[in-house]
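# Examination of the molecular architecture
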Amino acid sequence: MAFELPDLPYDYDALAPYMSRETLEFHHDKHHNAYVTKGNELAEAAGMADLSLEEIVKKSYGTNAGLFNNAGQHYNHIHFWKWMKKDGGGTSLPGALQSAIDSDLGGYDKFRADFINAGMTQFGSGWAWLAVKDGKLEIMKTPNGENPLVMGASPILGCDVWEHSYYIDYRNARPKYLEAFVDNMINWDYVLEMYEAAS
Ligand code: MN3
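This structure is a prediction, so every number in the text was calculated from the model and none was measured. (Residues numbered from 1 in each chain as written. Predicted model: local features only at pLDDT ≥ 70, side-chain atom pairs only at ≥ 80, totals over all residues. Heavy atoms only, no water.)

Moving on: the overall build of the protein. Check the secondary structure of the protein and you find 8 helices and 3 strands. Along the protein, helices and strands appear, N-terminal first, in the series α-α-α-α-α-β-β-β-α-α-α. Over its C-alpha trace the protein gives a radius of gyration of 16 Å, about what one expects of a compact globule, namely 16 Å for 199 residues. For the protein, the spread of C-alpha atoms along the principal axes amounts to about 45 × 40 × 30 Å. Across the 199 residues in the protein, those meeting the buried criterion constitute 48%. Within the protein, contacts between residues separated by at least 24 positions form 67% of all contacts whose residues are at least 6 apart in sequence. Accessible area for the protein stands at about 9,100 Å²; split by element, carbon and sulfur atoms hold 49% of it. Counting 16 positive and 28 negative side-chain charges, the protein places the centres of these two groups 5 Å from one another. (Helix = DSSP H or I, 4+ residues; strand = E, 2+ residues; numbered from the N terminus. Rg over C-alpha atoms; globule rule 2.2 N^0.38 Å. Buried < 20%, exposed > 50% of the residue type's maximum accessible area, 1.4 Å probe, protein only. Contact = heavy atoms within 4.5 Å. Areas by Shrake-Rupley, 256 points an atom, 1.4 Å probe, with all protein chains shown as cover. Lys, Arg positive; Asp, Glu negative; His and termini not counted. Charge placed at Lys NZ, Arg CZ, Asp CG, Glu CD.)

Dropping the structure here:
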């Protein structure tokens, strides 16, 4: 199944001032689009074009770095756009997620600190994650295009910490971007949807 660039689920101005139109135009229209184009070429060349995206991500991991990087980033960005919304973030979590964060991660404040810290300490490009592994929530971080799927876990929330995600709006201040992501942009309803699908 060929990769396709999805439309953003909101207007390009929707996330301002936390994430600008300019960032979304470059990040979605240029960066994500490049993963789609290159991923399709490489999936075709590898004879994997008929597999699902998740199958391609898992099958190419460790065996076809070029395909994996592009397919992984396509998967990550499809969800990344939906993990954000206008007036998102903050502490009003759906009940099921609040309970799981309380029991598995020591409560919201600890989740917030640990998630931001995962993003801050990912050296170079990569992602900070909230994932379900063996029925429990875990905070993870990965380099480049990797994600929890290749660690036997299901991602339910991810924050892109490649510089292309924040350099226009925050320059080098990655912690400020991570704080804005958690406090003002997370779409907890979509996190809940992925949590329920993973549980
Ligand atoms: Mn990106």
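What follows deals with the sheet that holds strand S2 (residues 136-143). Reading across from one edge, S2-S1-S3 is the order of the 3 strands in this open sheet, with antiparallel pairing throughout. Edge positions in the sheet fall to S2 and strand S3 (154-160), since each of these pairs with one other strand and no more. Sheet twist, expressed as the mean angle between neighbouring strand axes with direction ignored, is 20°. Judged from the 6 bridges that link them, strand S1 (residues 126-133) and S3 form a sheet pairing that is antiparallel. If you follow Ala128 over to S3, its bridge partner there is Cys159. Of the strands in this sheet, S1, S2 and S3 touch helix H5 (residues 108-121), which is tilted by about 20° from S2. (Pairing = 2+ DSSP bridges. Axes fitted to C-alpha atoms, helices over the stretch in contact; angles between N-to-C directions.)

Geometric descriptors of this kind do not, in isolation, establish any biological role.
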